[in-house]
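Chain residues, written in single-letter form:
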Amino acid sequence: MTTTPTDHTDLTDHTDLADPYAPSPRSLRVLAGCGFLLLAACFVATVVAVLRDAIEGDGAGEAFITAGFWSLGLGALAGVAALIAPRKGLVIAQYVLAIMAPVLALMD
């Protein structure tokens, strides 16, 4: 004798694919806006690192300094894109690029 389950839930039904734990678009936009504050702070830290290197180092800007400033620019671009079309990956990219800028400048 074969028994059938009492609830007729089809496990292959994919009508609700949205992640219930995903952040809302509004919260992603707020995080992207706060990311611009982080970008500003990282810009100041990058400029300080570059000026310290110019005074104490050889006085020439190397590739890591250029990469640090490019990282800030790309982080700002990712932030604007996250404000327009809120995506979790764009916000993460904005924060990672912001943090990378002073680190890259210090590596020079």
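Please refer to the structure placed before this passage.
Below you will find a few notes about this structure. Everything numeric in this text was worked out from a predicted model, so none of it was measured. (Residues numbered from 1 in each chain as written. Predicted model: local features only at pLDDT ≥ 70, side-chain atom pairs only at ≥ 80, totals over all residues. Heavy atoms only, no water.)

Attention now goes to the packing of aromatic side chains. Two aromatic rings, taken as a pair, are described by how far apart their centres are and by the angle between their planes. Within the structure shown, the criterion is met by one aromatic pair. Ring plane angle 65° and centroid distance 6.3 Å describe the contact between Phe43 and Phe69, whose orientation is recorded as edge-to-face. You can see Phe43 sitting in helix α1 (residues 25–56) and its partner Phe69 sitting in helix α2 (residues 63–84), a full 26 residues away along the chain. Residue Phe43 is classed as partly exposed on the basis of its relative accessible area of 43%. (Phe/Tyr/Trp six-rings, centres within 6.5 Å; stacked < 30°, edge-to-face > 60°. Helix = DSSP H or I, 4+ residues; strand = E, 2+ residues; numbered from the N terminus. Buried < 20%, exposed > 50% of the residue type's maximum accessible area, 1.4 Å probe, protein only.)

A separate point is the nonpolar core. One finds Leu39, Cys42, Leu72, Ala98 and Ala101 forming the largest nonpolar core, which totals five residues. Listed by contribution, the elements that provide at least two residues to this core are α1 and α3 (88–107). Apart from the residues lying within four places of it in its own chain, the contact partners of Leu39 are Leu72, Gly75, Ala76, Gln94 and Ala98. (Core = buried A, V, L, I, M, F, W, Y, C linked by side-chain atoms within 4.5 Å. Contact = heavy atoms within 4.5 Å.)

Moving on to the pattern of salt bridges. The final tally for this structure, using the stated rule, is one salt bridge. Here Glu56 and Arg52 are joined by a salt bridge, their closest N and O atoms 3.2 Å apart. Here the residue Glu56 and the residue Arg52 both occupy positions in helix α1, the gap between them amounting to four residues, near one helical turn. (Salt bridge = Lys/Arg side-chain N within 4 Å of Asp/Glu carboxyl O.)

Think of two packed helices as two axes; the pair is described by the angle between the axes and how far apart they sit. At their nearest, the axes of α2 and α3 sit 8 Å apart, and the two run at 165° to each other. Classified by the angle their axes make, α2 and α3 are roughly antiparallel. Crossing geometry of α2 relative to α3 is assigned as left-handed. Between α2 and α3, the contacting residues are Phe64, Ile65, Ala67, Gly68, Ser71, Leu72, Leu74, Gly75, Ala78, Gly79, Ala81 and Ala82 on the first element and Leu90, Val91, Ala93, Gln94, Leu97, Met100, Ala101, Leu104, Ala105 and Met107 on the second. A class-by-class count of the residues in the contact of α2 with α3 yields 17 nonpolar, five polar and no charged. (Axes fitted to C-alpha atoms, helices over the stretch in contact; angles between N-to-C directions. Parallel < 35°, antiparallel > 145°, perpendicular 65-115°, else oblique. Left-handed = near helix turned anticlockwise from the far one by under 90°. Nonpolar A, V, L, I, M, F, W, Y, C, P; charged D, E, K, R; others polar.)

Just distances and angles here, no functional claims.
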